[in-house]
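A structural walkthrough
Chain residues, written in single-letter form:
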Amino acid sequence: MGMFERDTEIYRNRDALREDYQPDELVGRDEELERYKTALQPVINGEQPNNIFLYGKTGVGKTAGTRFLLDHLIEDAAQYEDIDLTVKMLNCDGLSSSYQIATRLVNKFRADSNQISTTGYPRATVYDMLWSELDDCGGTVIIVLDEVDHIEDDSILYQLPRARANGNLSEAKIGIIGISNDFSFRDNLSPKVKSSLCEEELQFPAYDANELIKILSQRAQVAFHEDVVDDGVIELCAAYGAKDAGDARQSLDLLMKTGDLARDYDTDTVTDDLVRDAREELERGRIREGISGLTQHGHLVLYALLTLEQQGETPVRSRDIRPRYTSFAEQVGVDPLVPRRMRDHLGELSMLGIISAVERNEGRRGGTYREYSTDMDVGMILKALEETVEQVGIHESVSEMVDQETTLSEYT
DNA sequence: GTTCCACAGGAATAGACGGGCA
DNA sequence: TGCCCGTCTATTCCTGTGGAAC
């Protein structure tokens, strides 16, 4: 027998569970796509396209829906001789200024051999280059700015929709599609930008469990061989996904992890139990990753909360976490942070989903405050902390402290 | 309706640090 | 090497906020 043996293969096409997989049909977004389609209709009519602003949380099909519709739009527009449609998509992640967006856009229109540098030109020159590229291109041009909330200044969002009205363009008709998962971004736009960019606003709500089931079934059918996936697996993945954030990406990851576990265990069926294992595994990974990105003080704040949790003192408000945190900080020989900064760390921890916060309000008697607790297994987080944090001294001091505290509390 | 509590969290600012560059 | 710049952490000061108490 050889050293390598082929796995019992449950997958037909594992890639179908990946985020970037494009199914032939987009399920679960019927209403949204219908409205989106209506908003794009002017393109086919040969009119000036609407500017569209699209918002919704991560993993609710904004980008996938846009790709899907625009692909069809390009295909259908080709049937009309008087329409010359160009679509350019730009992901603004990692780009912070209008200047950077403008240079990237110019390069999108130019050949690889003719790219411009992303620094060095006066802003007005870059804009002029952009206008001439757009005019050379002519016809209808749709520019999709994904994650548009990463841009910190309005300039390009103001200039682009008005380029034609301002006489910078004579040939091209421009339509902007802005995609954002930050709801407050829209409100923070200056009124003049808001009115032009947000002519059509589309909101993509989170997926509910039924929609997730549809999506997962569709993908699973392609991804797995027949009769490999037990009844209930899909439903369970969807239920977890709907409970957490209504995020399709997350549910798909869970399903894929479950399949991977089944493959690793050499079983030929994907079962409910594996879903639970996979979820724990993903959770562990997420927590480890979150913890590794924290500063020393973040770790100390987390330790403080964890030890309080172990003693049954949670949920606990930040001012009651502080003494514990302060003594931990002293134990490891660092100055404790001011309360304001400590709250930042607590906020960061709850953003990462490692701890949870509930806002409480006792009015004139007690004002508003937040109560923190961990909604996960403390042992698991502690283990992740020990694995991730190499800082000498912390664990020893903390476990010493915990021992003291627990012995103390045993006597009281 | 007004007041007021105690915190939430935004804004301005400073210092440390690291990478790119002449 | 020193300089510049952007990023990250932390501090200080501040305004905002929801609902119980008045």
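Residues numbered from 1 in each chain as written. Chains lettered and ligands numbered in written order. Predicted model: local features only at pLDDT ≥ 70, side-chain atom pairs only at ≥ 80, totals over all residues. Heavy atoms only, no water.

An unreviewed UniProt entry lists chain A under the name ORC1-type DNA replication protein, with Halorientalis persicus as the source organism. In its Sequence similarities (unreviewed entry) section, the UniProt record describing chain A reads: "Belongs to the CDC6/cdc18 family." In its Function (unreviewed entry) section, the UniProt record describing chain A reads: "Involved in regulation of DNA replication." (UniProt positions renumbered as here; feature names shortened; annotations may be inferred.)

On to the pattern of salt bridges, then. For the structure shown, the criterion picks out 12 salt bridges. Residue Arg341 pairs with Asp344 through a salt bridge whose shortest N-O separation is 3.3 Å. Note that Arg341 and Asp344 are positioned in helix α14 (residues 339-351) at a spacing of three residues, about one turn of the helix. Residue Arg341 is classed as partly exposed on the basis of its relative accessible area of 38%. One salt bridge connects Glu371 with Arg360, and the closest N-O pair in it is separated by 3.3 Å. Of the two residues, Glu371 is situated in strand β8 (residues 368-373) and Arg360 in strand β7 (residues 356-361); the sequence distance between them amounts to 11 residues. (Salt bridge = Lys/Arg side-chain N within 4 Å of Asp/Glu carboxyl O. Helix = DSSP H or I, 4+ residues; strand = E, 2+ residues; numbered from the N terminus. Buried < 20%, exposed > 50% of the residue type's maximum accessible area, 1.4 Å probe, protein only.)

Here we take up the protein's contact with DNA strand C. As a matter of local geometry, DNA strand C sits amid 14 residues, with His297, His345, Asn361, Arg364 and Arg365 nearest to it. For DNA strand C, the backbone makes up 65% of the atoms found within 4 Å of the protein, where backbone means sugar plus phosphate. In the model, a phosphate oxygen of DNA strand C is placed 3.1 Å from a nitrogen or oxygen of the His345 side chain. Residue Arg364 places a side-chain N or O atom 3.0 Å away from a sugar or linking oxygen belonging to DNA strand C. When residues of the surface near DNA strand C are traced back to their parent elements, those giving at least two are α14 and α15 (363-366). Tallied by class, the residues present in the surface near DNA strand C amount to two nonpolar, seven polar and five charged. (Near = heavy atom within 4 Å. Polar contact = N/O pair within 3.5 Å; in protein donor to acceptor, adjacent residues only side chain to side chain. Nonpolar A, V, L, I, M, F, W, Y, C, P; charged D, E, K, R; others polar.)

In this model, chain A carries an average pLDDT of 82, and 91% of its residues clear a pLDDT of 70 or more. Below pLDDT 50 for its whole length, residues 408-412 participates in zero contacts with residues either more than four positions away or in separate chains. (pLDDT = per-residue confidence, 0-100. Contact = heavy atoms within 4.5 Å.)

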